Each structure stands twice: as C-alpha cells, then as structure tokens.
Amino acid sequence: MPLTNTQYDTIMQRYEDRQLRRQRLILKRRKEIEELTPRMAELDAETARISVGRARSLLNGEDVSAEDITGTLAGLSAQKQELLLSLGYPADYFDPPYLCPDCKDTGYIGNRRCHCLKQASIDMIYEQSNLSFVLEEEDFAHFRPDYYADDLFAPCTDISSLNASQI
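Just so we're clear, the structure is a prediction, and the values are computed from it rather than from any experiment.

K.L.:
Help me understand the packing of aromatic side chains, please; the structure alone is not making it clear to me.
P.N.:
Each aromatic ring pair is specified by the distance between its two centres and by the angle formed by the two planes. Inspection of the entire model under this criterion finds two aromatic pairs. Linked through ring pairs, Tyr 89, Tyr 93 and Phe 94 together constitute an aromatic cluster. A cation over a ring is seen here: Arg 29 above Tyr 93, with NZ or CZ 4.5 Å from the ring centre.

K.L.:
Would you mind going over helix α2 (residues 39–59) with me for this structure?
P.N.:
Side chains of residues three or four places apart in an α-helix project in the same direction, reflecting 3.6 residues per turn. Its 21 residues give α2 an end-to-end C-alpha distance of 30 Å, which sits within 8% of 30 Å, the value for a rise of 1.5 Å per residue. Residues of α2 that are buried: Met 40, Leu 43, Asp 44, Thr 47, Ile 50 and Ser 57. In an axial view of α2, the angular spread of the buried residues amounts to 160 degrees, which keeps them on one side of the axis. α2 presents Arg 49, Arg 56 and Leu 59 as exposed residues on the side facing more than 90 degrees away from its buried surface. Phi for Gly 61, located one or two positions after α2, is positive at around 80 degrees.

K.L.:
Before we go on, may I ask you to explain the environment of Asp 102 in this structure?
P.N.:
Position of Asp 102 relative to the elements: it lies in the loop between α3 (66–86) and β1 (108–109). Residue Asp 102 is classed as partly exposed on the basis of its relative accessible area of 46%. In sequence terms Asp 102 and Cys 116 are 14 residues apart; their C-alpha atoms lie 8.8 Å from each other. In terms of polar contacts, Asp 102 uses its side chain to reach the side chain of His 115, at 2.6 Å.

K.L.:
Help me understand a nonpolar patch on the surface in this model?
P.N.:
The grouping of Tyr 126, Leu 131, Phe 133, Val 134 and Leu 135 at the surface amounts to a nonpolar patch, some 470 Å² of accessible area in total. Top contributing element to the nonpolar patch by residue count: helix α5 (residues 131–137), with four residues. Tracing the chain through its elements places Leu 135 in helix α5.

About the criteria used
- Residues numbered from 1 in each chain as written.
- Predicted model: local features only at pLDDT ≥ 70, side-chain atom pairs only at ≥ 80, totals over all residues.
- Heavy atoms only, no water.
- Phe/Tyr/Trp six-rings, centres within 6.5 Å; stacked < 30°, edge-to-face > 60°.
- Lys NZ or Arg CZ within 6 Å of the ring centre and 35° of its normal.
- Helix = DSSP H or I, 4+ residues; strand = E, 2+ residues; numbered from the N terminus.
- Expected span 1.5 Å × (residues − 1).
- Buried < 20%, exposed > 50% of the residue type's maximum accessible area, 1.4 Å probe, protein only.
- Arc of directions from axis to C-beta.
- Polar contact = N/O pair within 3.5 Å; in protein donor to acceptor, adjacent residues only side chain to side chain.
- Patch = residues over 30% accessible without salt bridge, like charges linked within 9 Å, V, L, I, M, F, W, Y side chains within 5 Å.
- Areas by Shrake-Rupley, 256 points an atom, 1.4 Å probe, with all protein chains shown as cover.
- Salt bridge = Lys/Arg side-chain N within 4 Å of Asp/Glu carboxyl O.

Function cannot be inferred from these measures alone, as they are strictly geometric.
Laid out in structure tokens, this is it:
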C-alpha cells in the first residue's frame, strides 16, 4: 500500500526536524568549544577564508590547484581535532550524530529510498491501521484450541483444523 501525500509529508517533516535538531546540537557544541578557546574560531575562520578564496579564484577563471587547498584544509581539520582532544573531547565531537548513518538522516541514498525511510513508511501505515490496538487483545496468548474441531478432516490433506493450527 503506497503512502498518501500527507503521510509522506509527515515522514519527511520528521526527517527535517531531526536534521534541524542535529544542526542545533553541532552549533551548540561549536559555541561551547569556542568559549573554552578562541583558537577554534580562528581555525574555522581560516577554513572559511581559504574556501571562499578558492571559490573566488574559480569564478575568476584562475587555475587553482585542488591538491594544495585540500592539503591545507586537511591540515586545519587535523588541528581542530588535536585541539578537541587536548580539551578532553573526542576528535569527532563536531560530527553530527545520525540515527541512520547510511543516508545521514535524509531518507535517501542517492535517488533510492533508504531502508530507514521504508521502515518509517511501514511504521506509519501500521500506526494508522489501528492494528496495534487489535493485537493487544488478539494474539496467541488468547488462543483457544477448544474452538477447533479435532474430528473434522480436510479431504485432501487428512489434517484436522486443530492439528493444522499446531503445524
């Protein structure tokens, strides 16, 4: 059963909310570290300056070596990680914590739906089907074998309805 537009929009809104919470968490962590040491803000500013400079050079048609900039940015990233470690934080403190690392909480891997989005769709349909209420009462704990006849056999299998329930 495919999702309705409303159901799909609801699920995607949950993904957007998750992404916003994660962004707020990372911003909070950055602010926390920058309050402990101004060096982190300096490294961030240097990273931004180099990145913007490269973009400007590319827009102006200048030939810019990607290896030089990549190496410089990797060096700045390593300095940030070292700084975090020296402050007693994990090196990946600024990496966003994803509920689904496969799609990074977008619901998609490339153009394909991620397994987490498929599961969210199943969960939503299940929620809205009201089956959970029924299954609270109707399960094998309430199974009554005396309801099934033991003396009536199916002609082609020679199995009674009671024996069939035990297979």
